[in-house]
Amino acid sequence: MPKLHPFAIIGIILLATFLTFLWNELRDKDLDAIDDELQVASYMEEVIYDSIYKGIANHQEQITISMESYDGNNSEDIFSQFQKVRTEHPEFFWVTGGANLEGKTIGGITNYTLTIETRCDISEVPQMEQELESIVTQIINGANANCGTDYEKALFVHDTIIHNCEYDEDTYYQNMSDPYDGNSLAYSAYGCLVNRNAVCEGYTKAYMLIMNRMGIECGYVRGTATNSIGTTGLHSWNYIKLDEDYYMVDVTWDDPVGTGKNICCYDYFCVTTEMISVDHQIETPQEVPLCCGTKYVGIK
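Counting starts from 1 at the beginning of each chain's written sequence and moves along it residue by residue. The predicted nature of this model means local features are confined to residues of pLDDT at least 70 and side-chain atom pairs, given and counted, to a pLDDT of 80 or more, with totals for whole chains, interfaces and linings taken over all residues. In computing side-chain values, all of the structure's heavy atoms are included and hydrogens and water are not.

Peer 1: Would you explain the packing of aromatic side chains in this entry?
Peer 2: Two numbers describe a pair of aromatic rings. These are the distance of the centres and the angle of the planes. Note on aromatic pairs: the rings of Phe, Tyr and Trp (six-membered ring only in Trp) are paired at centre separations within 6.5 Å, and the planes decide the class, stacked below 30 degrees, edge-to-face beyond 60, tilted for the rest. Taken as a whole and judged by the stated rule, the model has 9 aromatic pairs. Summarising the aromatic geometry, the rings of Tyr167 and Tyr172 are spaced 6.2 Å apart at their centres and angled 55° between planes, so their arrangement reads as tilted. On the numbers, 5.9 Å between centres and 70° between planes, the contact of Tyr239 with Tyr246 is edge-to-face. For each residue, the accessible area found with a 1.4 Å probe, counting protein chains only, is set against the maximum for its type, and the residue is called buried under 20%, exposed over 50%, and partly exposed in between. Since its relative accessible area comes to 13%, Tyr239 is described here as buried. Linked through ring pairs, Tyr53, Phe92, Phe93, Trp94 and Tyr190 together constitute an aromatic cluster.

Peer 1: Please explain the packing of helix 2 (residues 74-88) against helix 7 (residues 200-213) as it appears in this structure.
Peer 2: Axis angle and axis distance: for two packed helices, these are the angle between their axes and the distance between the axes, and together they describe the pair. Their axes nearest at 10 Å, the elements helix 2 and helix 7 cross at an angle of 70°. In terms of axis orientation, helix 2 runs roughly perpendicular to helix 7. Residues Arg86, Thr87 and Glu88 of helix 2 touch helix 7, and the partners they reach there are Glu201, Lys205 and Met208. When residue character is reported, Ala, Val, Leu, Ile, Met, Phe, Trp, Tyr, Cys and Pro are called nonpolar, Asp, Glu, Lys and Arg charged, and the others, Gly included, polar. Split into classes, the residues belonging to the contact of helix 2 with helix 7 amount to 1 nonpolar, 1 polar and 4 charged. Axis definition: a line fitted to C-alpha atoms, over the contacting stretch in the case of helices. Angles run 0 to 180 degrees between N-to-C directions. In this text, helices come from DSSP runs of H or I with a minimum length of four residues, and strands from runs of E with a minimum of two, each type numbered from the N-terminal end. Should an angle fall under 35 degrees it is called roughly parallel, over 145 degrees roughly antiparallel, and 65 to 115 degrees roughly perpendicular, with every other angle called oblique. By the convention used here, residues are in contact when the closest approach between their heavy atoms is within 4.5 Å.

Structural data, given as structure tokens:
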């Protein structure tokens, strides 16, 4: 094989160096473009979320959202953020999962009108909020007076809800195909805590509302559950964070139907993901922390 001239070798090295530089520049530009798109999408989601949150907090049945066009599905994003607000804010007990969206574009700006469905007359909401707040405050004061640890507070709230709320079988059977977005207040924290009558959604929202108000992280889990006779249906429950670990809590299933208000079970209190997965299936995709380790020690 003939030897390459030294200048040829230098030329090859320079060409390789240039091509490598060019490739890195193009790759970085592509990555920057992707990052810019993600930042724009994230920003728009925040704008939509804040608009919907403020509108509901101000008891508006029609919420206006003004947006510039961007590479995304505006209608889909608005409905997605609407459901996120509902899930993360159980204090908005009067809002169902139903909504209608209309948009009008003028000069590159689209004004969307989100009309939300409510479970009660919106004029009654301020008084109902006071009623709910009064009971939430009573439960929190009771927990703080009688409990020392977050675990004890979580258990206190669990027991208090079960002792004071009766599972609403009539509402459940009337709305078996749509247990998350029903029009009845039984699907809300208000139904659970004020009317003392709720389905799983109401239990879940009430527990989440009180725990978060006490500064204990508590979230919402959507999925299905299979009962002892093999019937599977849509269901909701909670996760909570105690001592830097996450646990599952299903207040509804710890309230035995038809056995009286003074009986509590603890089969689904502070259990792991693996334990609850025996008869609970988490819906995907959904941001739910993995609850691992063992069942919380200290259960009575």
